[in-house]
Amino acid sequence: MTVVAFAEKNKAAAQIASILGDGEVEKIAVEGLPAYEFKWKGEEWLVMGLSGHIMNYDFPEQYNKWSEVNPGVLLGVDPEKFVTRADYAAAVKNLAKRADKIILACDYDREGENIGFEAKTLAEEVTNVPFERARFSALSPKEVKKAFENLMDPDYNMAMAAEARQILDLKMGAAFTRFVTLSVREKARTKDILSIGPCQTPTCGFVYEREKVIRAFQAKDFWKITAIFSAKGGEFEGTHRAGNIHDKEKAAEIFKKLKGAKEGLVAKKTVKETKTSPPNPLNTTEFLKRASKFLGISPELALEVAEQLYLAGFTSYPRTETNKYADDFDFKSFVLDFARQKEYKPFAESILIAPIVPKNGDKDGHDHPPIHPIRAASRGEVSSAINIPQAPEVYDLIARHFLANLMPAAIFEKTHLHLLVKEDPFDSSGTVLKDSGWLEAYPFENKKDKLLPFVEEGEEVGIKKLSNTKSKTSPPKKLTEAELLTLMDKNGIGTKATAPSHIETNKKRGYFETKGKTVSMLDTGFTLMEGLSLTVPILVRPDIRAKIETLIQEVEDGKKEFEAALDEGIALLREMYSQLEANKKELTSSIAGTIKDEAALEDKKNYIETCKACGHVLRIVQTDSGRFVGCTGYPDCRNSYPLPKTGALTVLRSKECKKEGAAVLKVGNKYNWAVGIGPCFKCDLEKECYPPETVGPCPECDGSMFLITFKDTRFLGCTKRCGYTHSVPKAGKLTLLDKTCEGCGWRMFRLKEEGESPEEDFCVNRRCKEGRKYWKKPGTGNEARIRKTASLSPAASSAAIPVTGRTSKVLAADLKKNK
DNA sequence: GCAAGGTC
């Protein structure tokens, strides 16, 4: 007789084999995967671990093209179950063929029952031997032996409850995600996926609810009356019992009455001793919360580190709901181990002097013990074994938490003083740590004393200062990741193993982000949640998960047929889906708006500013017919500005238009353009905006000549764009000087040519006697040009600019247009 | 390409 058993994972299979096989176990390979062979009660046993789920659901092929399937249709399509781990499926069949009896020995929970049924389904393809179920709550010899001596029937209902969850989760996720994503893409160009899911969406909902309160918050003034008292032992602060006074007059009235008071009376003094118990043992959720709160490590990373610590033998299995130790847990051997480790020695020794009594919680998931260290290790040992920088501190947290859990309560002494100042009551309090107890081993908790000098009841104390301070109420704080985990846990969102992944999904989608310990809503997430809460509010709240959970619990309890529960669940999804569909426009236009805004903000090259008309974003828009500055809020917002037709545009971030233009743009290398009020050079305030270096007055109009550098050439142009231009030397480094020409008043230039030619200062103005001297000089090569230029009319003189034909045309057109 | 649940 050969008995084959399937456990949830290899680790469990090995443990079961070692318990039942009593050490006489042979490790074998089945299809390349580990399995364990041994004898128990005269029978041949083969135990293999699976890898969690080895099957999954998906829609049939023809439904996988998003563009060809109406997402709502998916709610009515039956997904197919297929093998995701072919290696495990082959191994299951291989072992099943050898079996006379098969035992499902996965974890004792809904998913474990389902995973067992996956193996059962596969095995049934090759055998028709009977199946039985071993149920154990811990991998201890006692529990395991009991389970295998008292085999039960596999629980079909329990497995089908998980099956219903899988199908409903997939239908909802696929239909809703595709609907929202595709609808938004009709209005905004994006490759991003806007996902919706029964866990991720309520998780985002928690962040949204807090954000909404923060955004709606309006600060209010309040006043607080405080006094600094002085006693023999020192000074201390007291607060008027009225606390935060929101009425300014009332505060003033009280303060007026108190003014001039020189002393107060200690009317009553109470001293109370309070005990703070050590924390409960760590289950997964509590561990993740503390890793985030104390170490600033994200739940995702914390779980990963804990997994590595577990695999390396430093700590116990990290996925557990249990926060109480089993009665027979051997604390002493662990503590003795810690007594040999320098960092933890003092705490371990203090624990060993008395009988060990742990502080226990009340959750027992019947799965694994609380997370605890398996062996004492130094930070160095941990960091050399695990290649994650945070591993030593995570280990340290788990180790110290374990030790703290076994230590006595911390004792505080709290003193409260009730004082009277001109009959008005004041309060003052202080706290002193009398016995640090478990806090000694647990530096993560704040244990600062707030000291009060010694005063006696009935004592008169002096008043050093009385103040009436105005403050503002502050908005609620952003959620911390630890608080988010608490909300998820309380509302049954996700499981101990999946909660971090739901947070990650939301981050990946750009719905929210975490900075250190706090979670911040991002605009896409906020708009999506806002849209959903207005159309299908149940989606944003934990209700959606709760409703599905109720349905599948009824399947598990045998109160409802699988098919009936599925139908009900689908009906619920259809109802939500039609609400979403009916409000498609409202939902998608706001999300599309946010996506466009975010894209426009990201597009540094074209971004101009936030639109003052509507709050969306102004940016440069290029179309086939030309370019302009337009608003992402179009067509609702038609705010727009023209731009010059040619020339590369560069937004000058450092320039600010003084005439309330939105931004200053550089056009090619020629001139600037202020968005909203036209080109800068036409602006009266041009000098404040972007002063051109003028050379002197234009001989043709009342403008000024300034140096224009364009592509490979340079020349003088007129600020009034009258059309008059003037050449400058083509080669060499040209510097405009402050000194002016005695002949015409134009500023002079200095030229430093390549090679050893000396620097010289000169006037370039051909209409000036001094200027002509320069151009006539041999080597400037411009004698002929002077004659040619002189023969042309000023209006056509731009043709004389020594540039290519094309550029000169473009330039001329621009100059004309901008006039 | 979509979810959530296992586990490595």
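Residues numbered from 1 in each chain as written. Chains lettered and ligands numbered in written order. Predicted model: local features only at pLDDT ≥ 70, side-chain atom pairs only at ≥ 80, totals over all residues. Heavy atoms only, no water.

Under an unreviewed UniProt entry, chain A has the name DNA topoisomerase and belongs to Methanosarcina baikalica. UniProt, in the comment section headed Sequence similarities (unreviewed entry), describes chain A in these words: "Belongs to the type IA topoisomerase family." (UniProt positions renumbered as here; feature names shortened; annotations may be inferred.)

Let's shift gears to the side chain of Thr415. Tracing the sequence through the fold places Thr415 in strand β12 (residues 410-421). Contacts of Thr415, omitting those with residues within four sequence positions, involve Lys269, Thr270, Val271, Ser428, Ser429, Gly430 and Leu452. (Helix = DSSP H or I, 4+ residues; strand = E, 2+ residues; numbered from the N terminus. Contact = heavy atoms within 4.5 Å.)

If you walk through the whole model with that rule in mind, you get 46 salt bridges. Across the salt bridge formed by Arg545 and Asp169, the nearest N and O atoms sit 2.9 Å from each other. Placement of the pair is Arg545 in helix α18 (residues 543-556) and Asp169 in helix α5 (residues 156-185), with a sequence separation of 376 residues. With a relative accessible area of 16%, Asp169 lands in the buried category. In this structure, Lys559 engages Asp557 in a salt bridge whose closest nitrogen and oxygen atoms are separated by 4.0 Å. Look at Lys559 and you get exposed, because its relative accessible area is 65%. Through salt bridges with shared partners, a single network forms among Glu111, Arg165, Asp169 and Arg545. (Salt bridge = Lys/Arg side-chain N within 4 Å of Asp/Glu carboxyl O. Buried < 20%, exposed > 50% of the residue type's maximum accessible area, 1.4 Å probe, protein only.)

This part is about the packing of α5 against α18. What describes two packed helices is the angle between their axes and the distance between those same axes. Running from N to C, α5 and α18 point in directions that differ by 150°, and their axes come no closer than 8 Å. One finds that α5 runs roughly antiparallel with respect to α18. The hand of the α5/α18 crossing is right-handed. For the pair α5 and α18, the contacting residues are Asn157, Met158, Met160, Ala161, Ala164, Arg165, Leu168, Asp169 and Met172 in the first and Ile544, Arg545, Ile548, Ile552, Val555 and Glu556 in the second. Residue composition of the contact of α5 with α18, by class: ten nonpolar, one polar and four charged. (Axes fitted to C-alpha atoms, helices over the stretch in contact; angles between N-to-C directions. Parallel < 35°, antiparallel > 145°, perpendicular 65-115°, else oblique. Left-handed = near helix turned anticlockwise from the far one by under 90°. Nonpolar A, V, L, I, M, F, W, Y, C, P; charged D, E, K, R; others polar.)

Attention now goes to the environment of Ala29. As for its placement among the helices and strands, Ala29 is situated in strand β2 (residues 26-30). Residue classification places Ala29 among the exposed positions, given a relative accessible area of 60%. Along the primary structure Ala29 and Met48 are separated by 19 residues, whereas in three dimensions their C-alpha atoms are 9.6 Å apart.

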